[in-house]
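For reference, the chains in residue letters:
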Amino acid sequence: MFHLDLAPADPILGLTETFKADTHPGKINLGVGVYQDATGKTPVLQAVKAAEHQLLENELTKSYLSIPGLPALATHTQSLLFGEGHHLASSGRAKTAQTPGGTGALRVAADFCQRAVPKAAVWVSQPTWANHQAIFEAAGFSVKAYRYYDKATQSLDEAGFLADLERIPAGDVVILHGCCHNPSGIDLTPSAWHAVADVAKRNQLLCLVDFAYQGFGDGLEADRAGLHVLLDAGLSVLIASSYSKNFGLYNERIGALTVVEETADLAERAFSHMQAAIRAIYSSPPSHGGAIVAMILGDPTLRAQWIEELAAMRQRIRAMREAFVQGMADRQTVIDFGFINHQKGMFSFSGLSESQVLKLRADDHIYIVGSGRINVAGITPANLDPLCDAIVRVL
């Protein structure tokens, strides 16, 4: 009945399947976008284990959640985004819905935007997370790119970014990475955030902040600084949060979508359409992951434990960046990899070409995305030396 060709494999998830099928004992996976500890495992946080124990003991029902999910999760999400006691949380101008992961938050945002600004185009950074384009095209949008990454300098192309920003037509949607840009690890500068706020206000652009890595850059508060530039400007903003990374809850699929409007009345109207979009996609969110996050953030002891564990993850990634840069400097002088120390979060562009990436895979069983993006969290003390040795051989 269905005469279809094979759909193309996902460039990241497909690479993971190839890695799993590889039987070589020394294989290294720097492609998959999950946090790994010093042993190469993706751990369950101790704060999560403690919360799950309490949930197991006290949970009374498996009934459906409401369309927007757990009210406590919405409250705590806004606390992470805005800060404790921020006026937005009590003004009624911000509304939050629980979603199945950050991807679910983006898909709800896409369907909401089809209701709110159906004739808009959606603009993403060049490059951006591989799934951004697919999500918004599936919702019926035309997706265009603004300049972001300067390959020659391994840094932000701020002049190109600002020039493209000025040319985006009024009413269009601009997707911005809140921190720890995926895939480059290069974040907007404070001056660039202020320029975004100025242009968005002047040209009536709708900013959608993909905030998948809060706490993985410089800390929970520092990582939201760019978002607050937009909020302080009084803009209408959509914020897609993910708890996959900073809580390690990858397979629980827990995220949130927050809309901030200019008035409480506008926020209430927007939220009604957000809920209508959710009802048409999945009706109501799964409970378990949201209950874990709400319990941890609502319990002072568990929250403090989580913040400690999050800091340890952030510090391990930073230490691996520094160790890799030093390891490459000790082995060669062809390329200065120091730029990797200036990037943030789990990901970095390594500067490796696609041919070099393929050679590393064929000769050394090292798996890296074709663009050269590496997951720094996949580097461990055990695989650092063989990784550096192999890269030197392909330079």
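Before any of the text, the structure's been laid out above.
Each value, and the rule that gives it
- Residues numbered from 1 in each chain as written.
- Predicted model: local features only at pLDDT ≥ 70, side-chain atom pairs only at ≥ 80, totals over all residues.
- Heavy atoms only, no water.
- Core = buried A, V, L, I, M, F, W, Y, C linked by side-chain atoms within 4.5 Å.
- Buried < 20%, exposed > 50% of the residue type's maximum accessible area, 1.4 Å probe, protein only.
- Helix = DSSP H or I, 4+ residues; strand = E, 2+ residues; numbered from the N terminus.
- Contact = heavy atoms within 4.5 Å.
- Pairing = 2+ DSSP bridges.
- Axes fitted to C-alpha atoms, helices over the stretch in contact; angles between N-to-C directions.

**Here we look at the nonpolar core**
Across soluble globular proteins, you tend to see nonpolar side chains buried next to one another.
Here comes step 1: Judged by nonpolar contacts, the single largest core of 92 residues is most densely connected at Leu176, Leu230, Trp306 and Phe324.
Here comes step 2: Broken down by element, the residue count for this core peaks at nine residues, all from helix α12 (residues 300-331).
Here comes step 3: Beyond its immediate sequence surroundings of up to four residues, Phe324 is in contact with Phe337, Ile340, Ile379, Leu384, Leu387, Cys388 and Ile391.
Here comes step 4: Within the second largest apolar cluster, 28 residues are counted, among which are Phe112, Phe141, Val173 and Phe271.

**As for the environment of Leu238**
Here comes step 1: Note on placement: Leu238 falls in strand β9 (residues 237-242).
Here comes step 2: On a C-alpha basis, the gap between Leu238 and Ala312 in space is 29 Å, while along the polypeptide they are 74 residues apart.
Here comes step 3: Apart from residues lying up to four places away in sequence, Leu238 is in contact with Ala109, Phe112, Cys113, Leu206, Cys207, Leu208, Val209, Thr258 and Val259.

**So, the sheet that holds strand β3 (residues 122-126)**
Adjacent strands of a sheet form backbone hydrogen bonds with each other and so pair up, either parallel or antiparallel.
Here comes step 1: Read from one edge to the other, the open sheet built from seven strands follows the order β2-β10-β9-β8-β7-β3-β4, with strand pairing classed as mixed. The open sheet has two edge strands with one neighbour each: β2 (94-99) and β4 (143-147). Between one strand axis and the next, the sheet turns by 25° as a mean value, whatever way the strands run.
Here comes step 2: Sheet topology places β2 next to strand β10 (residues 255-260); six bridges connect them, and they run antiparallel. Bridge pairing in β10 places Ala94 opposite Val260.

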